[in-house]
Amino acid sequence: MDPNKKLQVCKETRKIATDALAKALRKSLRKNRISEKEFRDLWLGELRKNPKIFPNGWYIPPPNGLIVLFATVKNPKRVLYPNMRLEETWPRDDVYLDKTDGILAFYGSPVDKESGIIGDTEVMIYLGNNKEVIKTLKTCIEINREIFEFVRVGEQFSDVTKFANKLITSRGFTNNILSTSDPQSVNIGHTIPATYEDWTSDERDMLKGGENEWGKVCQLISKKRIFVNEAEDFKIEAPMAFTIEPRLRLKNRPDLPSAWSHSIALFNRNGAKELLFGFEEIYIRSQKTMDY
C-alpha cells in the first residue's frame, strides 16, 4: 500500500470512530436516562454498521475495545483512573449520565480490516458550566497542539517527551497516565503500527485471520507500538503517524478531573505534517460555551 494511502486509512478509521460517537451522543442526549453500558452499546452499534472495520477494537480489555465513563464535578472519581484496562474502569450499567454537570470520557480503538491500521480516538467532554473544568479541558487541547508544533522529522521521541513534560509542568499540570504496555510506564503517546513499516508475511496472515484470531491480532498491534517516552531514541520518520495523548491533571487540585484530548500527528512522505483532531461536532453538541 502506498505510504500516504496508509495515512489516509488512519484518518478514515479515526473518522469512523468520531462520527459513530457523535451519533451515539445525539441519541443519548435525547434519552431521559442512559447508563455507561447503554451508551457504550449505542456507540458499538454505530461502529459495527461500517464494514471497513473489525467488529471490536484492538485495545482489549476493556470489552469491545471501548471505554465510556460518566462522572460529575462533585464526584469526578470515575475519570481519575490511571489505566483503562482495569475492570473498575469498564462501563457499568448502574452509572448514569448527568446532563447538567456531567463529565463524559470516551475511548475507542477501531481497526481497518484491509490494512490493520488503527484509528484510536479518546476525548473528554463536559456538559456543565464550571469554569475551572472548562479551562482545564481547553488547556489540554492547547498543550496537545503545542507539542504537535514542536515535533518534526528526525526528532527523537525522547526529546519530544522532554519538551512535552516541561510544557505540561510549566502550565501547572502532571501527566496522569500509567501504561502497562510501556516499560517506562509514563508516556505521551505511541506510534500507529504499519504507517512507517510494513507488516511481515506472518503478521499479514494473522490479520487475515481477523475475528477468528482477534486476541492475537490485538496483541500484535499492542506490541508493534513504539512509545513516546523519555527513554525512546526512535526518530520521527516520513511517512508515519503517532498519537499525542497526555492525560493531564492539575497540580494540587484533586477535586478536578483529569483532561483527555487525543490527537494523531501525521507526517506525509514529503515531511509535511497534519494534526488529526476531529471532535468539533462532539464539542458543539455537548457544550457550546466551551468555544473550541
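Residues numbered from 1 in each chain as written. Predicted model: local features only at pLDDT ≥ 70, side-chain atom pairs only at ≥ 80, totals over all residues. Heavy atoms only, no water.

Chemist: An account of the overall build of the protein is requested, with residue identities and associated values reported.
Modeler: Helix and strand content of the protein: seven helices and eight strands. Over its C-alpha atoms the protein spans a radius of gyration of 18 Å, differing by no more than 12% from the 19 Å that the globule rule assigns to 292 residues. Taking the principal axes of its C-alpha atoms as reference, the protein extends roughly 50 × 45 × 30 Å. By the burial criterion, 55% of the 292 residues in the protein qualify as buried. Residue pairs in contact within the protein that sit at least 24 positions apart in sequence constitute 73% of those at least 6 positions apart. (Helix = DSSP H or I, 4+ residues; strand = E, 2+ residues; numbered from the N terminus. Rg over C-alpha atoms; globule rule 2.2 N^0.38 Å. Buried < 20%, exposed > 50% of the residue type's maximum accessible area, 1.4 Å probe, protein only. Contact = heavy atoms within 4.5 Å.)

Chemist: So what's going on with the pairing of strand β8 (residues 273–276)? Residues and values would help.
Modeler: Two strands pair when backbone bridges link them, and strand β7 (residues 263–267) and β8 are joined in this way by four bridges, in the antiparallel orientation. Paired with Ile264 across the strands is Leu276, a residue of β8. (Pairing = 2+ DSSP bridges.)

Chemist: Can you tell me about the sheet that holds strand β2 (residues 102–108), naming the residues and giving the values?
Modeler: Sheet architecture is open: three strands sit in the order β1-β2-β3, paired in antiparallel fashion. Strands at the two margins of the open sheet, each flanked by one partner only, are β1 (66–72) and β3 (121–126). Averaged over all adjacent pairs, the angle separating strand axes in this sheet is 10°, with direction ignored. Looking at chain direction, β1 and β2 are connected through seven bridges and run antiparallel. For Leu66, the partnering residue across the bridge sits in β2 and is Gly108. Together, β1, β2 and β3 form the strand contacts of helix α2 (residues 36–47), whose direction differs from that of β1 by roughly 145°. (Axes fitted to C-alpha atoms, helices over the stretch in contact; angles between N-to-C directions.)

Chemist: Explain the environment of Ala265 to me, and be specific about the residues and the numbers.
Modeler: Within the fold, Ala265 resides in strand β7. Measuring from C-alpha to C-alpha, the distance between Ala265 and Met240 comes to 8.4 Å, with 25 residues separating the pair along the chain. With residues up to four places along the chain from it excluded, the contact list for Ala265 reads Phe148, Met240, Ala241, Phe242, Ile244 and Glu274.

Chemist: Quick rundown of helix α4 (residues 157–170)? Include the residues and the values.
Modeler: The end-to-end C-alpha separation of α4 is 20 Å, in line with the 20 Å expected for 14 residues at 1.5 Å each. Buried residues of α4: Phe157, Ser158, Val160, Thr161, Ala164, Leu167 and Ile168, and no others. Looking at the packing, one finds that the buried side of α4 touches α3 (131–150), β4 (173–175), β5 (240–244) and β6 (248–250). Gly172 sits one or two positions beyond α4 and adopts a positive phi of about 90°. (Expected span 1.5 Å × (residues − 1).)

Chemist: Summarise the environment of Arg78; cite the residues concerned and give the values.
Modeler: Relative to the assigned elements, Arg78 resides in the loop between β1 and β2. In this structure the C-alpha to C-alpha distance between Arg78 and Glu88, which are 10 residues apart in sequence, comes to 8.9 Å. If we skip the residues at most four places from it in the chain, Arg78 touches Glu36, Leu69, Phe70, Ala71, Glu88, Thr89, Trp90, Pro91, Arg92 and Val95. Polar contacts involving the side chain of Arg78 include one to the side chain of Glu36, which spans 2.6 Å. (Polar contact = N/O pair within 3.5 Å; in protein donor to acceptor, adjacent residues only side chain to side chain.)

Chemist: Describe the packing of aromatic side chains, listing the residues and the values that go with them.
Modeler: The final tally for this structure, using the stated rule, is 12 aromatic pairs. When the centroid spacing of 4.9 Å and the interplanar angle of 25° are considered together, the rings of Phe39 and Phe106 count as stacked. Residue Phe39 is located in helix α2, and its partner Phe106 is located in strand β2; the two are separated by 67 residues in the primary sequence. Judged on exposure class, the residue Phe39 and its partner Phe106 are both buried. Measuring from centroid to centroid gives 6.1 Å for Phe242 and Phe267, while their planes differ by 15°, and the two rings are stacked. One end of the pair, Phe242, is in strand β5; the other, Phe267, is in strand β7, with 25 residues separating them in the sequence. This pair shows no difference in class: Phe242 is buried, exactly as Phe267 is. (Phe/Tyr/Trp six-rings, centres within 6.5 Å; stacked < 30°, edge-to-face > 60°.)

Chemist: Give a description of the pattern of salt bridges that names residues and reports values.
Modeler: Applying the stated criterion across every chain yields a total of 18 salt bridges. Among the ionic pairs, Asp94 bridges to Arg92, the shortest N-O distance being 2.9 Å. Take Asp94: its relative accessible area is 45%, and that puts it in the partly exposed class. With its nearest N and O atoms 3.4 Å apart, the salt bridge here joins Glu203 to Lys224. (Salt bridge = Lys/Arg side-chain N within 4 Å of Asp/Glu carboxyl O.)

Chemist: Residues and numbers for α2, please.
Modeler: Taking 1.5 Å as the rise per residue, α2 with 12 residues should run 16 Å; its terminal C-alpha atoms sit 16 Å apart, in good agreement. Every buried residue of α2 is accounted for by Glu36, Phe39, Arg40, Trp43, Leu44, Glu46 and Leu47. Looking straight down α2, one finds that the buried residues subtend no more than 160° of arc, so they occupy a single side. (Arc of directions from axis to C-beta.)

Chemist: Would you mind going over the confidence of the model for the protein in detail, with residue names and values included?
Modeler: Across the protein, the average pLDDT comes to 90, with 93% of residues at 70 or higher. Looking over the protein, one finds the lowest element-wise mean pLDDT in helix α7 (residues 280–286), namely 64, and the highest in α2, namely 98. In the predicted structure, residues 288–292 sits below a pLDDT of 50 and forms 12 contacts with residues beyond four places in sequence or in another chain. (pLDDT = per-residue confidence, 0-100.)

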